[in-house]
Amino acid sequence: MGKVSEKDQLNCGACGYDTCVDHAVAIVKGLAENEMCLPYAIEKLHRSMQALNLSNEQLADAQQALRQSEKLASMGQLSAGIAHELNNPLGVITMYTNILKDETPQDSPLYGDLQLIAEQAERCRKIVGGLLNFARKNQVQLTETNMVDFVSRSIDAIIRPENVEVTFENKISDPIAKIDKDQMMQVLTNLEKNSVEAMPKGGLLRITLYGSEHEVEIAVNDNGTGIKEEHMDKIFTPFFTTKEVGKAPASDCR
């Protein structure tokens, strides 16, 4: 009956016996049941209720995971259709940009702009290819990358107003790391873009490169509006955004 010490023996008489010891003796002789002890029955019921509540929580989590899986499957089908539609105009942009590059002297200021357009168009092409794999596991293509140059390039790829200051600080001695350049560039530029948009009145965007012998960390900080508490559970939901209509929903995490 869970009465392992004298202080557990209430001797309340609810079982019909004068003492808990008398009740226990009767149980041993087969003359009584554990459930005749009211505190024992209440505790057993309490444990059952706790187990039931836990089961309900696990069931709710499983149902939520199932709904999320169904949502992702639907998004995968939608993404595949969008990707096929975008491939043709991206191909035209890439082709004509390369034609203009070939006709532009390399020392011309326009050459660098055309180079950036070609790179971003190629990024778009790979992102579209990634959309086709949205419903299945993507392959990670690791290549040795100079992280200082990589971060600097990501900053060049975003548009920022004059009232937003961007700083980049490198705190690693060996900048070479193996990453998937395309996927990481997508993540980093989205973070930077969202940081800029989170500071409509201006502010500071700080990007810091940390690292050790075995890992590299890119920290993106801003003094913008931040993320509301009610949106924290959605920061990894694909295409979720709190941006107003007309702004691209990259990812709302900052």
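Our subject is the structure that appears above.
How each quantity is defined
Residues numbered from 1 in each chain as written. Predicted model: local features only at pLDDT ≥ 70, side-chain atom pairs only at ≥ 80, totals over all residues. Heavy atoms only, no water. 1 Å grid on protein atoms, 1.4 Å probe; cavity = no way out; pocket = protein on both sides within 12 Å on 5 of 7 lines; lining within 4 Å. Points joined across faces, edges and corners; volume = space filled by probe spheres on them. Helix = DSSP H or I, 4+ residues; strand = E, 2+ residues; numbered from the N terminus. Nonpolar A, V, L, I, M, F, W, Y, C, P; charged D, E, K, R; others polar. Salt bridge = Lys/Arg side-chain N within 4 Å of Asp/Glu carboxyl O. Buried < 20%, exposed > 50% of the residue type's maximum accessible area, 1.4 Å probe, protein only. Pairing = 2+ DSSP bridges. Axes fitted to C-alpha atoms, helices over the stretch in contact; angles between N-to-C directions. Contact = heavy atoms within 4.5 Å.

Concerning the layout of surface pockets
(1) Moving on: In this structure, the second largest pocket encloses a volume near 350 Å³.
(2) Moving on: In this structure, the second largest pocket is lined by 15 residues; those nearest its centre are Glu 119, Arg 123, Lys 181, Asp 182 and Met 185.
(3) Moving on: For the lining of the second largest pocket, the elements supplying multiple residues, two or more each, are α3 (109-132), β1 (143-146), α4 (147-156) and α5 (181-197).
(4) Moving on: At 5 residues, α3 tops the list of elements feeding residues into the lining of the second largest pocket.
(5) Moving on: Class assignment for the residues of the lining of the second largest pocket results in 3 nonpolar, 4 polar and 8 charged.

Some words on the pattern of salt bridges
(1) Moving on: As enumerated under the stated definition, the model contains 3 salt bridges in all.
(2) Moving on: A salt bridge links Glu 119 to Arg 153, with the nearest nitrogen and oxygen atoms 2.7 Å apart. Of this pair, Glu 119 sits in helix α3 while Arg 153 sits in helix α4, and the two are 34 residues apart along the sequence.
(3) Moving on: For Arg 153, a relative accessible area of 31% corresponds to the partly exposed category.

As for the sheet that holds strand β5 (residues 216-222)
(1) Moving on: The 3 strands are arranged β2-β4-β5 in an open sheet whose pairing can be described as mixed. Every interior strand has two partners, whereas the edge strands, β2 (164-170) and β5, have only one. Going from strand to strand, the sheet's axes swing by 10° on average, the running direction of each strand aside.
(2) Moving on: As judged from the 7 bridges shared by β2 and strand β4 (residues 203-211), these two strands associate in the parallel manner. Bridging across to β4, Glu 169 finds its partner in Thr 208.
(3) Moving on: On the sheet, α4 packs against β2, β4 and β5 and is oriented at approximately 175° with respect to β2.
(4) Moving on: Its contacts with the sheet put α5 on β2, β4 and β5, and the angle it makes with β5 is roughly 15°.

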